[in-house]
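For reference, the chains in residue letters:
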Amino acid sequence: MPRIPVKAAVLREPGEQLALETVYLDEPGFGEVLVRTMAAGLCHSDLHYLKGTMGISLPAVLGHEVAGVVERCGPGVNRITPGDRVVVTITPSCGQCPACVSGTPTRCSRVSQMRERPEPLLVDEAGETITSLGSIGAFAEAIVVPESALAVVGADLPPSVAALLGCCVSTGVGAVIHGAHVGPNDTVAVIGCGGVGMAAIQGARLSGARRIIAIDLHDEKLALASRLGATDVLRSSADDVRSAVLSLVPGGVTHAFEAVGRPATAELAFSLLASGGVATILGLMPSGSQITIEASELIEGDRRMQGAYMGGNRFLADIDTLTDHYRSGRLDLDAMVTGSVSLAGINDGFTAMASRSSIRNVVALGEGTW
Ligand SMILES: [Zn+2]
Ligand SMILES: [Zn+2]
């Protein structure tokens, strides 16, 4: 069957601009779905691959935070139908392995099997294989993904908001609820007020945390963090952050979340903990990164440091929960979409990520509505 020509932003060399090219997408195979892309968020992990601080085989189409409309389903697809508005997760889950049946689908042991396919998803004009980040490759007019990577969302959600549900919101809110089990007795510090951090702040507000301290370099982000639920804000460049946190919450916080992706901020998160506290590290770090913590603080204070990949989300259930909280106004996702670019303008979108007020920039395809 002939491949589907689609425009995509292709990374050919790390550090270089993405090039808008026509690439050729395979038809959906067994258990796969063809989705017309409506909105794709620019995530900091995309930036890692773009800069070369994390490796990916090139050429590649990046992008993994995406919403769109189902165009065609391959054989064996039974939950999704053409016309569905869908959001995509980078962690498809089989629903049958021990991790899935234990309620931890982000640890599914059969992810690579679900992504396996006889032919490459994407090839270029010359027939050379193009890698799709996370077997998604969202910076393209259309994608083909396994059915298990999709959740159906309501048509009342703007596509840009729906896209955010797929990565930063699932990760930030998920980490607070599933990863750290924050409750009303907890005191929380969130380091880094980008998409994941803002979602973690809102997750802490949803969980009823009694103090939520937002920490960031920029006043603009801290102002928004206050609107989204932070009870206290700290500008990390101006203060001795640890002593400032301890003066707000004597003894330290019960939960710290790192949403920057640097060993130093992970170490800072751990240093803010009260005895028995838990630091949850969310930001992806450059390959080979090491985190150093004080052993006596860990052991004698019963402290913990943990990962929560993709927030330990339970995608299919969480999307409905998050949608309800968005509809009721308890989860402000519109405020997190701070910019939008066309696919052709994607390099400007990555440049804009460095701006002080940027939370999430989104590539909007089509008219910006479903
Ligand atoms: Zn992401
Ligand atoms: Zn599984």
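Predicted model only: the values in this text are computed from it and were never measured.

Conventions used here
Residues numbered from 1 in each chain as written. Chains lettered and ligands numbered in written order. Predicted model: local features only at pLDDT ≥ 70, side-chain atom pairs only at ≥ 80, totals over all residues. Heavy atoms only, no water. Donors = N, O, S within 2.8 Å, 3.2 Å for Na, K, Ca; no water. Tetrahedral: all angles 85-135°; square planar, octahedral: opposite > 155°, others 65-115°. Buried < 20%, exposed > 50% of the residue type's maximum accessible area, 1.4 Å probe, protein only. Core = buried A, V, L, I, M, F, W, Y, C linked by side-chain atoms within 4.5 Å. Helix = DSSP H or I, 4+ residues; strand = E, 2+ residues; numbered from the N terminus. Phe/Tyr/Trp six-rings, centres within 6.5 Å; stacked < 30°, edge-to-face > 60°.

Q: Explain the coordination of the zinc ion (ligand 2) here, please?
A: The reference angle at a metal is 109.5 degrees if four donors form a tetrahedron and 90 or 180 degrees if six donors form an octahedron. For the zinc ion (ligand 2), the full set of protein donor atoms is Cys-94 (SG), Cys-97 (SG), Cys-100 (SG) and Cys-108 (SG), and the range of their distances to it is 2.3 to 2.4 Å. The site at the zinc ion (ligand 2) holds four donor atoms, and with the angles between them running 106 to 118°, its shape is tetrahedral. If you list the donors of the zinc ion (ligand 2) from N- to C-terminus, the spacing comes out as C-x2-C-x2-C-x7-C. Looking at Cys-100, the relative accessible area reads 12%, which means it is buried.

Q: Hey, could you run me through the nonpolar core in this one?
A: Across soluble globular proteins, nonpolar side chains show a tendency to be buried alongside one another. In this structure, Leu-25, Phe-139, Phe-350 and Val-363 are the most contacted members of the largest nonpolar core, which totals 53 residues. No other element matches strand β1 (residues 4-11), which puts six residues into this core. Within the second largest apolar cluster, 49 residues are counted, among which are Val-169, Ala-175, Val-176 and Ile-201.

Q: Just to check I follow, could you spell out the packing of aromatic side chains for this structure?
A: The description of an aromatic ring pair rests on the distance of the ring centres and on the angle between the ring planes. For the structure on display, the rule yields one aromatic pair. The interplanar angle of 80° and the centroid separation of 5.9 Å between the aromatic rings of Phe-139 and Phe-350 together place this pair among those described as edge-to-face. Of the two residues, Phe-139 sits in the loop between β8 (129-132) and β9 (142-146) while Phe-350 sits in helix α11 (residues 346-352), which places them 211 residues apart along the sequence.

Q: Explain the coordination of the zinc ion (ligand 1) here, please?
A: Every protein donor of the zinc ion (ligand 1) is listed here as Cys-43 (SG), His-64 (NE2) and Cys-167 (SG), and their distances to the metal cover 2.0 to 2.2 Å. Here the donor residues for the zinc ion (ligand 1) map to a single chain with the spacing C-x20-H-x102-C. Taken as a pair, Cys-43 in the loop between β3 (32-41) and α1 (44-51) and His-64 in the loop between β4 (60-61) and β5 (65-73) lie far apart in primary sequence, 21 residues in all. Since its relative accessible area comes to 4%, His-64 is described here as buried.

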